[in-house]
Amino acid sequence: ADQVKLYYEHDTSPELLHLQIGGQDRMIITNAGRVGIGAAEPGTQLHVRASAATTDEVLTVLRLEASSTGTPGVGIGSAILLAAQRSEGSYQPQAKISAIAEVNAGAELSSALTFETADTGVLNEWMRIDHNGQVTVGNIDPGELLHIYKQDAAAKIRIQKREVDGAQVADQVI
């Protein structure tokens, strides 16, 4: 079995609390409250680093799971909530990214990825990529591969191409 060691390093700057397993640092906490998992010098409040020999694939660094004490159904999911402090001191959600089950039957779980932003303190879903790959902006029920909705007669969509051989390609506004 691997040896587990917890020790405090007080003669360094910053002071560090180390958790070692098998002679390797697995987690470090600085005296500023920064936590490093796989990162020897945490650069943010939570700094997670995954290392592997691979050079051509994406590494999963963080896993979030939602579970239920009942029977999970459509709508269960995991989210990341981003919040900031208001001028009067309380904290308010600013945005949320969620994975939400759209189909949950037996061994099949199909999900959507949703994006919400706050308007006067209330989170609203503004974009969704459903389990079929359809993208919707401003509406949660996509009718096409890309569905953009805004209840405003003046709403426009701009499609702009990049420069081609130094010549600016004209915008197309729909």
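Our subject is the structure listed above.
Note that this is a predicted model, so its numbers are computed, not measured.

Visitor: Can you break down the sheet that holds strand β4 (residues 35-37) residue by residue, with the values?
Guide: If you walk across this open sheet you meet the five strands as β1-β2-β3-β4-β5, and the pairing is mixed. The sheet is open, and its two borders are formed by β1 (4-9) and β5 (46-48), each paired with just one other strand. Ignoring which end each strand starts from, the neighbouring axes of this sheet average 15 degrees apart. Here β4 pairs with β5 via three bridges, running parallel. Looking at the pairing, Gly36 lines up with His47 of β5.

Visitor: Go over the side chain of Asp130, please, and point to the residues and values.
Guide: Residue position: Asp130 is located in the loop between β9 (122-129) and β10 (135-137). Of note is the side chain of Asp130, whose polar atom sits 2.9 Å from the backbone nitrogen of Asn132.

Visitor: Just give me the short version of the pairing of strand β6 (residues 77-85), but keep the residues and values in it.
Guide: Bridging between β6 and strand β7 (residues 91-105) involves nine bridges; their strand directions are antiparallel. Following the sheet pairing, Ala79 is matched in β7 by Ser98. Linking two consecutive strands that pair antiparallel, namely β6 and β7, is a turn of five residues; a positive phi of about 110 degrees is found at Gly89 within it.

Visitor: Please set out the pattern of salt bridges residue by residue, giving values where relevant.
Guide: Summed over the entire model, instances satisfying the criterion amount to four salt bridges. Its salt-bridge partner being Arg128, residue Glu102 comes within 3.1 Å of it at the nearest N-O pair. Taken as a pair, Glu102 in strand β7 and Arg128 in strand β9 lie far apart in primary sequence, 26 residues in all. The class of Glu102 is partly exposed, set by a relative accessible area of 22%.

Visitor: If you had to explain unusual backbone geometry to someone new, which residues and values would you point to?
Guide: Leaving glycine out, the prevailing phi sign among residues is negative, and the prevailing peptide bond configuration is trans. A positive phi angle, near 50 degrees, is found at Thr120, a position not held by glycine. Residue position: Thr120 is located in the loop between β8 (108-119) and β9. The exposure class assigned to Thr120 is exposed, which follows from its relative accessible area of 77%.

Visitor: Requested: an account of the packing of aromatic side chains, with residues and values cited.
Guide: Following the criterion strictly, the structure yields zero aromatic pairs and no others. Across the ring face of Tyr7, the terminal group of Lys5 is positioned such that the distance to the ring centre comes to 5.1 Å.

Cut-offs applied
- Residues numbered from 1 in each chain as written.
- Predicted model: local features only at pLDDT ≥ 70, side-chain atom pairs only at ≥ 80, totals over all residues.
- Heavy atoms only, no water.
- Pairing = 2+ DSSP bridges.
- Helix = DSSP H or I, 4+ residues; strand = E, 2+ residues; numbered from the N terminus.
- Axes fitted to C-alpha atoms, helices over the stretch in contact; angles between N-to-C directions.
- Polar contact = N/O pair within 3.5 Å; in protein donor to acceptor, adjacent residues only side chain to side chain.
- Salt bridge = Lys/Arg side-chain N within 4 Å of Asp/Glu carboxyl O.
- Buried < 20%, exposed > 50% of the residue type's maximum accessible area, 1.4 Å probe, protein only.
- Phe/Tyr/Trp six-rings, centres within 6.5 Å; stacked < 30°, edge-to-face > 60°.
- Lys NZ or Arg CZ within 6 Å of the ring centre and 35° of its normal.

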